[in-house]
Structures are given as structure tokens and as C-alpha cells.
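Working through the structure, step by step
Spelled out, the chains give:
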Amino acid sequence: MIDITDKKLIEKELSDQKQNIENRYRQLTEIMSEAFAITELDFTIVYANTKFYKLFEYADYNSKFSLKKHICSTENFEKLEKILKTSIENINNNSFDYELEWQTKNNKKIQTILSISKFFDSIQHRYFYAVVLTDISRLKQIENELRLAKISADDANRAKSEFLANMSHEIRTPMNSILGLTHLSLKNSDIPEQVRDYLMKIHKAALTLLRIINDILDLSKIEAGKLTLENIDFNIETILENI
């Protein structure tokens, strides 16, 4: 008969030490703000913190499942396969970050940043993945809302520019008639001075309004990127008098 009491005591001590290390490890991962998991090389869960299970809407925090079944599309699945292949071939065991879309247990789509790193477990003598998922679903939703808001604002701005351009053209036609008729009337030497003064004021006001219309048209051209600059002589005194 061989006395194995000491051997059993040593095994128990080692088992207790391992359990203490695992408990501390679990405590550290539970206080993380991100979802964290240890997986096999086929992406099957070995261990995951509570946030990880909640992210994928699992009520049983001891469930063992493969993350591959939660990939949303063929495109994302192929992307994940490429990620795993790159990680396996990486001899330096660096961490890689990727953006992936997943589907939870209840078929809800979530957007995440996947951080993955391969490591060697010296106790079990094999490789595992350390996986961190950062939920960016809300950020993606805000990003999409901002994109839609920008599209809506651009459409509204374009409609405003088209409206101003059309209205400016519509107003310019009768304005040219006013300018033409007042110009012809002022050439008549038989009109009374008071009427001439009225016509002069009408003519100047029409010219001012025409300049405003042209400025509106220029703004529409600027917004459309079609404004062309002209190089012409001008009288600065005349411009200042009309301001």
C-alpha cells in the first residue's frame, strides 16, 4: 500500500490556487465596461463576463455557444473568417480591431468593434482567443440620423436655391419692362418736371431691385458651384453713390 496523502494535499492546494486565480480573473472581467469572452479557436465560448451574455441577450450566463452563429450576413461571416485566419497566422499575437455586425439570440442586430487576440494557455497547453466587443449600435444610429439629416438639409437648401433662381427670373422679366418704359418716358422732353422726377425715382428703384435680383441669382450660382467671375472696368464713385 502506497501513502498518497501528501500528493492529494498538493493537488488540493494547486486546485485551490487555480480556483482563487479564476475567481480573481472573473472579478476583473466583471468590472470591465466592455463585453469580454475567452473562446476556442472555432469561436466557441469558454468563458464570458455578464456584459457579454447581456449583449447577445442570453439569460443563462453559463451558456456555451459559437459566436459564428450570431454573424448577420455572409459578408460579415467571410470577414470574421478572414479575421480568425489573420489572427492564427500572426506570430506576434498582436490585438486586432474590426467593425462587425451581429445578431443577438432574439434576432436584434448590433454593431460592435471586435478586438481579438490569440494567446497560449500554459496550463492547458493550447491556444485561445481573448475577445472584447464594444457596442457601437447607438453611435451608428446617431451617425445614420446625422447622415439623413444632412441629406434632408441639402435637399431643402437645393429646393430653396431653385426657388430663388426661378423667382428671380420671373421677377426680372417685368422689371426689364419697367426699366425700358421709364427709360423711354424720360426721353420725352414734354413731360412735366414733377412727372420726370417720379419717373427718375422709379427708374433708380427698379435698377436697385434688378441688382438685388442679380445678387440672388449669383448666390444660387455660388451654391451650385457655377459662378463665373468677370473682369470689367467700373466707376467706384457711381457704385458708392448707389449704396
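Scroll up to find the structure.
First, a word on what this report is: a plain description of the structure on this page. (Residues numbered from 1 in each chain as written. Predicted model: local features only at pLDDT ≥ 70, side-chain atom pairs only at ≥ 80, totals over all residues. Heavy atoms only, no water.)

Another aspect to go through is the overall build of the protein. The number of helices and strands found in the protein is six helices and five strands. Overall, the protein shows an N-to-C arrangement of helices and strands of α-β-β-α-α-β-β-β-α-α-α. Here the protein, with 243 residues, has 25% of them falling under the buried criterion. Sequence-distant contacts, at least 24 apart, represent 44% of the contacts inside the protein between residues at least 6 apart. Accessible area of the protein: about 17500 Å², with a carbon and sulfur share of 56%. (Helix = DSSP H or I, 4+ residues; strand = E, 2+ residues; numbered from the N terminus. Buried < 20%, exposed > 50% of the residue type's maximum accessible area, 1.4 Å probe, protein only. Contact = heavy atoms within 4.5 Å. Areas by Shrake-Rupley, 256 points an atom, 1.4 Å probe, with all protein chains shown as cover.)

Before going further, it helps to spend a moment on the packing of aromatic side chains. Evaluation of the coordinates by the stated rule reveals eight aromatic pairs. Between Tyr53 and Phe65, the aromatic rings sit 6.3 Å apart at their centres with planes inclined by 70°, giving edge-to-face as the arrangement. With Tyr53 in helix H2 (residues 50-55) and Phe65 in the loop between H2 and helix H3 (74-89), this residue pair connects regions lying 12 residues apart in the sequence. Here Tyr53 and Phe65 have matching classes, each one buried. When the centroid spacing of 5.1 Å and the interplanar angle of 65° are considered together, the rings of Phe120 and Tyr127 count as edge-to-face. A relative accessible area of 37% means that Tyr127 is categorised as partly exposed. Counting every residue linked through ring pairs, the aromatic cluster contains Phe52, Tyr53, Phe56, Tyr58, Phe65 and Trp102. A cation sits over an aromatic face here: Lys118 above Tyr127, 4.9 Å from the ring centre. (Phe/Tyr/Trp six-rings, centres within 6.5 Å; stacked < 30°, edge-to-face > 60°. Lys NZ or Arg CZ within 6 Å of the ring centre and 35° of its normal.)

With respect to burial, strand E1 (residues 35-39) is a largely interior element, five of its five residues being buried. Across the two faces of E1 the burial is the same, with Ala35, Ala37 and Thr39 and Phe36 and Ile38 all buried. Sheet analysis places E1 next to strand E5 (residues 126-135), joined by five bridges and oriented antiparallel. Paired with Ile38 across the bridge in E5 is Ala130. Sheet analysis places E1 next to strand E2 (residues 45-48), joined by three bridges and oriented antiparallel. Looking at E2, one finds that Ile38 is bridged to Tyr47. Here E1 hands over to E2 after five residues, with Phe43 in that stretch at a positive phi of 75°. (Pairing = 2+ DSSP bridges.)

Backbone phi values are negative for most residues with the exception of glycine, while trans is the configuration of most peptide bonds. Even without being a glycine, Phe43 presents a positive backbone phi close to 75°. Structurally, Phe43 can be placed in the loop between E1 and E2. Judged by its relative accessible area of 0%, Phe43 is buried. In this model, Asn107 sits at a positive phi of 65°, which is unusual for a non-glycine residue. With respect to the helices and strands, Asn107 occurs in the loop between strand E3 (96-103) and strand E4 (109-121). Exposure remark for Asn107: the relative accessible area of 57% places this residue in the exposed category.

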